[in-house]
Amino acid sequence: MAVMVEMHDDPVIRALEADPEAFHARLRQEAPVFRLEAWGLWLVTRYEDVQAILRDTDNFTTGTPASLLYDTFGAHMLTTDGVAQERLKSRFRGAFAPAAIRAAMQETVRRLSEVLLDGLTGPGVAGQGAAEWRRQFASRLPVQSILSLFGLPLEEEPRLRRWYDGFERALANFAWREDVRRQAREDVAEFHALIQRHIDRVRGLPDGSLFSQAVHDNAEDRLSDAEIRQNAAIIFFGGISTVEAIILNCLYVLVGQPRVHAAVRADRSRLPDLLEETLRWLSPVQSATRHVARDVRVAGVTLKAGDTVNCMLGAANRDPAVFSEPDTFDLERSNARRHLAFASGPHFCLGSHFARLQALTALEQILDRCPDLRPVAGQPLVISGVEFRQPPALHLAWGASS
Ligand code: HEM
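Keep in mind that this is a model prediction, so the values were computed, not measured.

*Asks:* When you look at the side chain of glutamate 156 in this model, what are you seeing that I'm missing?
*Replies:* Within the secondary structure, glutamate 156 sits in the loop between α8 (141–150) and α9 (157–171). Taking relative accessible area as the criterion, glutamate 156 reaches 14% and is therefore assigned buried. Filtering out sequence-adjacent residues up to four positions away, glutamate 156 remains in contact with Leu147 and Leu194.

Written as structure tokens, this is what we have:
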């Protein structure tokens, strides 16, 4: 994940905000390493350069106290590099591997999604209705799924949501406002207290949950309680807006592209293709931030030690050098899975399989239960956001139209 940025009254930023895909296309062609003065950082937009930077841990680092991610959450797998990072990440990787996450969470996610859909449509196949899918479904499933993964009760959903919103503000606090930092410190402390209670509980009574496994690691590998809590924060933060966005973006594609909708309705085995091409075409996380460790040249431009670089994942995912006709959503695209929506290299998303599990479960149930899903008349389909790209709201109806 990259830092989010405050908007400025700057023509370049206005262009980026108005039509990021068109702006990225110009940069890829004319200035693939571009200095964005208003944000004081570089934008890198070509697939090859983005991938190379994300894999190059000699010249680029995530770990600097100057980053808001570090200021908010301290040292964890995304603010450390090399051996230190691997030591932290390795303690969680097993739990997020495809078979492990499926075994631990598939049934739970299915049930959570079903209950949320019951709330929208009533039990079983819906007659007809309409809903705002972000607020009523997509923003809730990831929070409930994370709570279950952490072994915490669903009653904590409002508190987790409040903390999450505060963390988002702290990560966009480019003015380093002290009141925002203080609030974030208080929220992080409350979050840590909740996780610590859980750690203490599973220390005496292992329950197979994510932290139970970390707490009961063998002595020489075991992380300290503080390390477990700090990594819990980034796992929690990484897994909410991102999953919300991918569910909404897939629904946006379905209702906006009738041929795609018909293809996946006719053959549910196409759902993974829908998901991967949506990750490419409408990447939920648009950038990954790195800091230059020592002077280095990228595409003929010298980046100085200490500079900040935003690797533009969304732009790389539309690079015609890798994806033919990149602006077309193509369910048949044979190399869609080469997308960089989950980044690349040592910081590749820990939760990618958990994200896929949630999105595919939700989509399958929505297709089963909501026939003829379509936009509500008079509610335009809109995508917004520079860092997180998704519909700000998605009003969809289903069932026979009246
Ligand atoms: C579609 C959904 C998701 C997207 C698009 C996404 C995207 C990303 C990206 C781009 C990164 C790399 C950041 C960087 O290199 O600077 C990342 C890292 C990470 N993500 Fe995700 N993510 C998603 C879902 C999740 C979920 C569900 C979880 C956990 C429950 C999660 C946890 C993490 C963690 C812990 C990292 C840091 C990994 C490391 O530093 O080694 N993500 N994610």
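*Asks:* I'm lost on the pattern of salt bridges in this one. Help?
*Replies:* Pairing between side chains of opposite charge can happen when their charged atoms approach one another. Within this structure, the stated rule accounts for 35 salt bridges. Arginine 203 is paired through a salt bridge with aspartate 200; the nearest N and O atoms lie 3.1 Å apart. Here arginine 203 and its partner aspartate 200 are both found in helix α10 (residues 178–204), 3 residues apart, which amounts to about one turn of the helix. Residues participating in the shared-partner salt-bridge network are Glu156, Arg159, Arg162, Asp187 and Glu190.

*Asks:* I would appreciate a short explanation of the sheet that holds strand β2 (residues 41–44) in the present structure.
*Replies:* Sheet strands pair by backbone hydrogen bonding; their relative direction is either parallel or antiparallel. Strand order in this open sheet of 5 strands is β1-β2-β8-β5-β3, and the pairing throughout is mixed. For this open sheet the edge positions go to β1 (33–36) and β3 (60–61), each flanked by a neighbour on one side alone. Inspection of the sheet shows β2 paired to strand β8 (residues 308–312) by 3 bridges, in the parallel sense. In the strand pairing of β8, valine 44 is matched with cysteine 311.

*Asks:* What exactly am I supposed to notice about helix α2 (residues 20–30) here?
*Replies:* An α-helix turns once every 3.6 residues. As a result, residues three or four positions apart point the same way. Within the span of α2, buried status applies to Pro20, Phe23, His24, Leu27 and Arg28. Relative to the axis of α2, the buried residues are bounded by an arc of 135° and lie together on one face. Looking at α2, the residues exposed on the side facing more than 90 degrees away from the buried face are Arg26, Gln29 and Glu30. Each element contacted by the buried residues of α2 is listed here: α1 (11–18), β1, β2, β8 and α16 (313–316).

*Asks:* How should the pairing of strand β5 (residues 287–292) be read in this particular structure?
*Replies:* Consecutive residues of a regular strand have side chains that alternate between opposite faces of the sheet. Extensive coverage of β5 is indicated by the burial of 6 of its 6 residues. Neither face of β5 is open: one carries Ser287, Thr289 and His291, the other Ala288, Arg290 and Val292, and all of them are buried. Where β3 lies against β5, 2 bridges are found, and the strand directions are antiparallel. When the sheet's bridge partners are listed, threonine 61 is paired in β5 with histidine 291. Strand direction decides the pairing type here: β5 and β8, joined by 5 bridges, are antiparallel. Bridging from a neighbouring strand, histidine 291 pairs with threonine 308 of β8.

*Asks:* What exactly am I supposed to notice about the packing of α10 against helix α12 (residues 225–238) here?
*Replies:* If you want to describe how two helices pack, look at the angle between their axes and the distance between the axes. Where α10 meets α12, the axes come as close as 10 Å, and the angle between the chain directions of the two elements is 120°. In terms of orientation, α10 lies oblique with respect to α12. Along this stretch, α10 crosses α12, giving a crossing that reads as right-handed. Along its contact with α10, which presents Phe191, His192, Ile195, Gln196, Ile199, Asp200 and Arg203, the element α12 presents Asp225, Ile228, Arg229, Gln230, Ala232, Ala233 and Phe236. For the contact of α10 with α12, the per-class residue count stands at 7 nonpolar, 3 polar and 4 charged.

*Asks:* Would you explain the sheet that holds strand β9 (residues 374–375) in this entry?
*Replies:* Strand order in the open sheet formed by 3 strands is β4-β10-β9, with antiparallel pairing between adjacent strands. With partners counted over all chains shown, the strands left at the sheet margins are β4 (129–132) and β9, one partner each. In terms of strand pairing, β4 meets strand β10 (residues 395–398) through 4 bridges, oriented antiparallel. Of the residues in β10, the one forming a bridge with alanine 130 is alanine 397.

*Asks:* What exactly am I supposed to notice about the coordination of the iron atom of the ligand here?
*Replies:* Each donor-metal-donor angle would ideally measure 109.5 degrees in four-coordinate tetrahedral geometry, or 90 or 180 degrees in six-coordinate octahedral geometry. Only one protein atom coordinates the iron atom of the ligand: Cys349 (SG), located 2.4 Å from the metal. Within the secondary structure layout, cysteine 349 lies in the loop between α16 and α17 (352–369).

*Asks:* Explanation requested: unusual backbone geometry in the structure shown.
*Replies:* Negative phi characterises most residues that are not glycine, and trans characterises most peptide bonds. With a phi close to 40°, glutamate 325 is a non-glycine residue in the positive phi region. As for its position among the elements, glutamate 325 is in the loop between α16 and α17. For alanine 343, which is not a glycine, the phi torsion comes out positive at approximately 70°. Here alanine 343 shows up in the loop between α16 and α17. Alanine 343 sits in the buried class, given a relative accessible area of 11%.

*Asks:* Explain the environment of proline 65 to me, please; I cannot follow it from the model alone.
*Replies:* Along the chain, proline 65 falls in the loop between β3 and α4 (68–73). C-alpha of proline 65 to C-alpha of cysteine 370: the two residues are 305 residues apart in sequence and 48 Å apart in space. Leaving out residues up to four positions away in the same chain, proline 65 has contacts with Tyr70 and Trp176.

What counts and how
Residues numbered from 1 in each chain as written. Predicted model: local features only at pLDDT ≥ 70, side-chain atom pairs only at ≥ 80, totals over all residues. Heavy atoms only, no water. Helix = DSSP H or I, 4+ residues; strand = E, 2+ residues; numbered from the N terminus. Buried < 20%, exposed > 50% of the residue type's maximum accessible area, 1.4 Å probe, protein only. Contact = heavy atoms within 4.5 Å. Salt bridge = Lys/Arg side-chain N within 4 Å of Asp/Glu carboxyl O. Pairing = 2+ DSSP bridges. Arc of directions from axis to C-beta. Axes fitted to C-alpha atoms, helices over the stretch in contact; angles between N-to-C directions. Parallel < 35°, antiparallel > 145°, perpendicular 65-115°, else oblique. Left-handed = near helix turned anticlockwise from the far one by under 90°. Nonpolar A, V, L, I, M, F, W, Y, C, P; charged D, E, K, R; others polar. Donors = N, O, S within 2.8 Å, 3.2 Å for Na, K, Ca; no water.

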